[in-house]
Amino acid sequence: MDRKSCEQIMQKYYRELYNYFFAKLKYNKQSAEDCTQELFMILLKKHENLDENDNIRIWLYRTADNVIKAYRRKNQNSDISLEDSVEAMNKPAPDSFSQDETDLSKWLTPEETEIVRLYYNTDYGDRKATAKKLGITVTALYQRINKIKQKIKNNRKRE
Amino acid sequence: MKNNDIINNLMDDNIIDDIQADINAELEKSEPDYDKIAELTALITEIKGDSLSDEKITENISRITEEYDSQNKRSKIRILYRWISALSACLVLVLALNAYTMVSFGENLFRTVVEMTQSGFSIDFSGNTPITTEPPTSSVTIPTTTFISANTTTATSTDIFIPPTIMTQPATTGAAIAITTAITYSPSTTVVSPLTTCSSVATTSAVQTTTVEFPGGAENNNLGNIISEKCSEIGITTCSIDYFTDMEFKDFSYEENEVSTDCYFTFMNNDRQLDIIIEQYNNAEDIPTTLIPSNQKNYYVISNDTIGEIFLFDEDTHITAVFIYENTIYTTIGHNFAFSDMEEIMQAYYPERKN
């Protein structure tokens, strides 16, 4: 694989792999960028050994897992503490809503309200069924939920 | 579920945990759906508000390629350093080996290498190694028929040949460094009219030239007595030769140059002539590499117990024998001599004891 192909691959997959690192590295933007850089440095170093016909996407994900392992080993002591992780401590995100917000109907359509209800009334294992019931994929369900969340946030700001 | 509960759920990031669970579930599959993973991770980034702009991605990619190019350049430099280190190590090894061979055998490794580039027969006395450098297409034949054993003093013919680099006797304790002496010979003259066309340092500037002619007809002259006597007269000590001959001592002359004193002896008997040239250099550093013009491709090496190795060049009309001892080069040219006779003469040289 030549250098030009490498750069095309970087253009094509940079965002996707950055997102992957971001998701796997406790949503730390700097860590994700560092690891993405490391991943593509490896690609550049090894590009002469890679074939154009190889499934480069699989190679990138597998290499990304190795980069993550190496990164975690290297940053064992300086890793993000559990206390700082919103998700780990199940704490409200800094820009989350205050607990006295009670009226969804003033911000959401009935359909959106129903989606939220369905989503939160089911356990994780049943999300597929919920998505199926709504006629969408699970990922789409997550996206809908995220949009609803954004909508609530924006309405709240306007008020 | 009450609105409060929903709001509470929306306030935290449980959705992200759900997405993470989905990602992990997908990754555990033998053939993960990377499209799905890409969607889910993109969603997480979006939810977290840390998506990258296109400009930022372009900037980051540029940084990666620049960093890679920079590392690649450093890597090449490191490789160069490694080569330099390796070559330096080799050089140190060769220097050490050279020092060892100089101490142990009087052989200098470097000169052998240097003289390989010169044309014609070149004798580097510091390495004591004659080298012929014919054009590459022409094969250099190594003589295999004549060698006089270091332990014998008579000329013999055997099938043994000792390559020049495997000499057991050091020829000299004074190392020679590259000046060139071309030895020429004019058979029509009774006095050898050589010789020192030294390239740089030893430009000939005769201060004193003396020619003494002895009456001929003396039987069983000892060449050594005559040489020692004449050298003693001009105040130099050289190797002598213990060789009785029916040849007459015909001529002696000497020159004192800037860097050396050169003596010329001529002995004759009928059609045979023996010219002996002794060049004693003031400093070992001035001793030149000797070039011997020759039409032949072969040279012969014999070993004298007390002198060391002696090189013989057998031409059609004459045989030239050359050796060095300390800071003196001895050239003996025999006309109409059998090779075995020349070998015998050369084996008769021995170092003069210094008083």
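Refer to the structure presented above.
Residues numbered from 1 in each chain as written. Chains lettered and ligands numbered in written order. Predicted model: local features only at pLDDT ≥ 70, side-chain atom pairs only at ≥ 80, totals over all residues. Heavy atoms only, no water.

Student: Report on the overall build of chain A, specifying residues and quantitative values.
Tutor: When helices and strands are tallied, chain A shows seven helices and zero strands. The N-to-C order of helical and strand elements in chain A reads α-α-α-α-α-α-α. The buried share among the 159 residues of chain A stands at 47%. In chain A, once contacts between residues fewer than 6 apart in sequence are set aside, the share between residues at least 24 apart is 61%. Taken as a whole, chain A presents about 9,000 Å² of accessible surface, with 45% of it coming from carbon and sulfur. (Helix = DSSP H or I, 4+ residues; strand = E, 2+ residues; numbered from the N terminus. Buried < 20%, exposed > 50% of the residue type's maximum accessible area, 1.4 Å probe, protein only. Contact = heavy atoms within 4.5 Å. Areas by Shrake-Rupley, 256 points an atom, 1.4 Å probe, with all protein chains shown as cover.)

Student: Hey, could you go over the sheet that holds strand β11 (residues 300-304) of chain B for me, with residue numbers and the actual values?
Tutor: Residue and element names in this part refer to chain B. An order of β7-β8-β9-β14-β13-β12-β11 is seen for the seven strands of this open sheet, with the pairing classed as antiparallel. The sheet is open, and its two edges are formed by β7 (248-256) and β11, each paired on a single side. If you compare each strand with its neighbour and ignore which way they point, the axes differ by 15 degrees on average. Looking at chain direction, strand β9 (residues 272-281) and strand β14 (residues 328-335) are connected through eight bridges and run antiparallel. Counterpart to Ile277 in the pairing with β14 is Thr331. (Pairing = 2+ DSSP bridges. Axes fitted to C-alpha atoms, helices over the stretch in contact; angles between N-to-C directions.)

Student: Talk me through the pairing of β9 of chain B; I want residue IDs and the actual numbers.
Tutor: Side-chain direction in a regular strand flips from residue to residue, so the side chains alternate between the two faces of the sheet. All names here are of chain B. Within β9, nine of the 10 residues are buried, leaving the element largely enclosed by the surrounding structure. By the bridge criterion, 10 bridges tie strand β8 (residues 260-269) to β9 in an arrangement that is antiparallel. Paired with Tyr264 across the strands is Ile277, a residue of β9. If you look at the hairpin formed by β8 and β9, you'll find two residues sitting between the two strands, and Asn270 has a positive phi there, around 55 degrees.

Student: Break down the environment of Arg63 of chain B for me, with residues and values.
Tutor: In this structure, Arg63 of chain B sits in helix α4 (residues 54-105). Setting aside residues up to four positions removed in sequence, Arg63 of chain B forms contacts with Glu33 and Gln37 of chain A.

Student: Report on the packing of aromatic side chains, specifying residues and quantitative values.
Tutor: Residue and element names in this part refer to chain B. In this structure the tally under the stated criterion is 14 aromatic pairs over all chains. Put simply, the rings of Phe249, Phe252, Tyr254, Phe265 and Phe267 touch in pairs and so form one group of aromatic residues. Taking the ring centre of Phe337 as reference, the NZ or CZ of Arg272 above it sits at 4.7 Å. (Phe/Tyr/Trp six-rings, centres within 6.5 Å; stacked < 30°, edge-to-face > 60°. Lys NZ or Arg CZ within 6 Å of the ring centre and 35° of its normal.)

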